[in-house]
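Structural features, examined
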Amino acid sequence: MPDNSTEVTAAGIARLAGVGRAAVSNWRRRHADFPKPVGGTEASPSFALPEVEKWLRDQGKLAEVPLRERVWQQLASHPDGAVTALIHTGCALLLVRDRPTAWLEITAVSDARMAGVLPGAVDHVLTDRFGAGHAVPPLTASALLPSVPLLRAAAELAAETGARQAFDFLFGRQLDTNPRQYTLTPPGLATLMADLAEPARDAARRSGKRGSRTVLDPAAGTGALLCAVGLPTALYAQEADPDLAALTAIRLALRSEGGRTGGSTLAVRTGDTLRADAFPQLTADAVLCHPPFNERDWGHDELAYDPRWEYGFPARTESELAWVQHSLARLREGGTAVVLMPPAAASRRSGRRIRADLLRRGALRAVIALPAGAAPPYGIPLHLWVLRKPGAEQSPVPELLLVDTAEP
């Protein structure tokens, strides 16, 4: 077996053959010629994919491994981890989409030569999309060399399905395989939040932007909220996790058209938004935010005199109210923010003064109670807060809309 052969787990074998994991365990017990483990652990062994494919085919259990499954297995067993492999793959797919002729020239050489040329080509595409200081880490030839077979296979998949669809499949599989590692905003909820922010179009028109609007997600996570926003628009995102920031940048870039000069603005930055805001001068038409809940270490001690606390300094236990005020601070007058909140944020005694001021000044316009299961944590009926940046012409104070979408 080649040293760099792709490995696959029992779960991966089951997916390839279209059976349950119990069937794979039975095959291992009943068939002496079943491939032996080449890695992993005793509880979760891994097997050489070529040996598995041959055995399945010889047994009549597999006609051919679907290309997308082969690409996923290569990604999942990457020596530097699936996330690194996914970043490499996304960069290559962006090059495939934006510079198809250059990609064909690059792939016409050896793997080693291809790894040496790719960093410069990818950097050119990323700079064209994001400008300097983007969230995708610089690539090197040595880091890319183990990924070259994967990148060639991913380009084949893109030829079948499209570059964006290929990346969405691989990214979605990574999220499904590791659900506890990520805080997810389900697509339906993301669409609802984006739709609730549609009044921001009025603010965009008043500002003379002719239908285009600026949308910020200050806690971008996997990028689901901004993916739900319709174009044309200028998208801004910040995410504290460097890997997620890079993946979100690639995901959004593959959904947009053209470079910065030929399409809409796209800016994704890495960093702690509350402690180190990457867009302090931004006045967005809309803010969409699914913040981390119940954070105690959100910067309470360092940020006591921050100008964003226009409605009051949040208590250490009120990190969500810090995100609400950050969202309002980044809006233009009349702009709309939609923030996903835990239900306790509407009733905790420590946040009463801030909530009262939000109501008194007309910033909080609606609270929508979602049914349990709408988003993680799935056992809690979360709330959506719809906020509007008060303007000089706002009078009298509008009423607060309360909506309960839970079934009786």
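Just above sits the structure.
Parameters and conventions
- Residues numbered from 1 in each chain as written.
- Predicted model: local features only at pLDDT ≥ 70, side-chain atom pairs only at ≥ 80, totals over all residues.
- Heavy atoms only, no water.
- Helix = DSSP H or I, 4+ residues; strand = E, 2+ residues; numbered from the N terminus.
- Rg over C-alpha atoms; globule rule 2.2 N^0.38 Å.
- Buried < 20%, exposed > 50% of the residue type's maximum accessible area, 1.4 Å probe, protein only.
- Areas by Shrake-Rupley, 256 points an atom, 1.4 Å probe, with all protein chains shown as cover.
- Lys, Arg positive; Asp, Glu negative; His and termini not counted.
- Charge placed at Lys NZ, Arg CZ, Asp CG, Glu CD.
- Disulfide = S-S within 2.5 Å.
- 1 Å grid on protein atoms, 1.4 Å probe; cavity = no way out; pocket = protein on both sides within 12 Å on 5 of 7 lines; lining within 4 Å.
- Points joined across faces, edges and corners; volume = space filled by probe spheres on them.
- Phe/Tyr/Trp six-rings, centres within 6.5 Å; stacked < 30°, edge-to-face > 60°.
- Pairing = 2+ DSSP bridges.
- Contact = heavy atoms within 4.5 Å.
- Axes fitted to C-alpha atoms, helices over the stretch in contact; angles between N-to-C directions.
- Parallel < 35°, antiparallel > 145°, perpendicular 65-115°, else oblique.
- Nonpolar A, V, L, I, M, F, W, Y, C, P; charged D, E, K, R; others polar.

Focus on the overall build of the chain
- The helix and strand tally for the chain stands at 16 helices and 11 strands.
- Against the 2.2 N^0.38 benchmark of 22 Å for 408 residues, the chain shows a C-alpha radius of gyration of 24 Å, consistent with a compact globule.
- Seen through its principal axes, the chain has C-alpha atoms that stretch 80 × 50 × 35 Å.
- Classification of the 408 residues of the chain by burial places 51% in the buried group.
- Surface accessibility of the chain: about 18800 Å² in total, with carbon and sulfur atoms responsible for 52%.
- Of the charged side chains in the chain, 45 are positive and 44 negative; the average position of the first set lies 4 Å away from that of the second.

Details of the state of the cysteines
- In the structure shown here, the tally under the stated rule is zero disulfides.
- Lacking any disulfide linkage, C289 is separated from the closest cysteine sulfur, that of C227, by 16 Å.
- Given a relative accessible area of 0%, C289 falls into the buried group.

A word on the layout of surface pockets
- Considered as a void within the structure, the largest pocket measures approximately 530 Å³ in volume.
- Lining the largest pocket are 32 residues, with A219, E239, H290, P291 and P292 positioned closest to its centre.

Considerations on the packing of aromatic side chains
- Within the structure shown, the criterion is met by seven aromatic pairs.
- Consider the rings of W298 and W309, whose centres lie 5.9 Å apart with planes at 90°: the pair is edge-to-face. With W298 in the loop between β7 (284–289) and α15 (319–329) and W309 in the loop between β7 and α15, the pair connects residues that are 11 residues apart, well separated along the chain.
- With relative accessibility at 1%, the residue W298 sits in the buried group.

Structural notes on the sheet that holds strand β3 (residues 45–48)
- Taken in spatial order, the three strands line up as β1-β3-β2 in an open sheet, and their pairing is antiparallel. This sheet does not close on itself; its edge strands, each paired only once, are β1 (7–9) and β2 (39–40).
- Examined bridge by bridge, β2 and β3 share two bridges and lie antiparallel to one another. Counted as the bridge partner of G39 is S46 from β3.

Let's talk about the environment of V215
- The topology assignment puts V215 in strand β4 (residues 213–217).
- Given a relative accessible area of 1%, V215 falls into the buried group.
- Note: C-alpha distance between V215 and A234 (19 residues apart in sequence) is 6.2 Å.
- Apart from residues no more than four positions distant in its own chain, V215 is found in contact with L226, V229, T233, A234, L235, Y236, A286 and L288.

Some details on the sheet that holds strand β9 (residues 364–369)
- Ordered by their spatial adjacency, eight strands build an open sheet running β6-β5-β4-β7-β8-β10-β9-β11, and the pairing between neighbours is mixed. Because the sheet does not close on itself, it has two edges, and the strands there are β6 (266–270) and β11 (401–404). Strand-to-strand twist of the sheet, defined as the mean angle between neighbouring strand axes without regard to direction, takes the value 10°.

Focus on the packing of helix α1 (residues 10–17) against helix α4 (residues 67–76)
- Put simply, α1 and α4 touch, their axes get as near as 11 Å, and they point 175° apart. As far as their axial angle goes, α4 and α1 are roughly antiparallel. Facing α1, whose interface residues are G12, R15 and L16, α4 presents E69, W72 and Q73.
- Across the contact of α1 with α4, the residue classes break down as two nonpolar, two polar and two charged.

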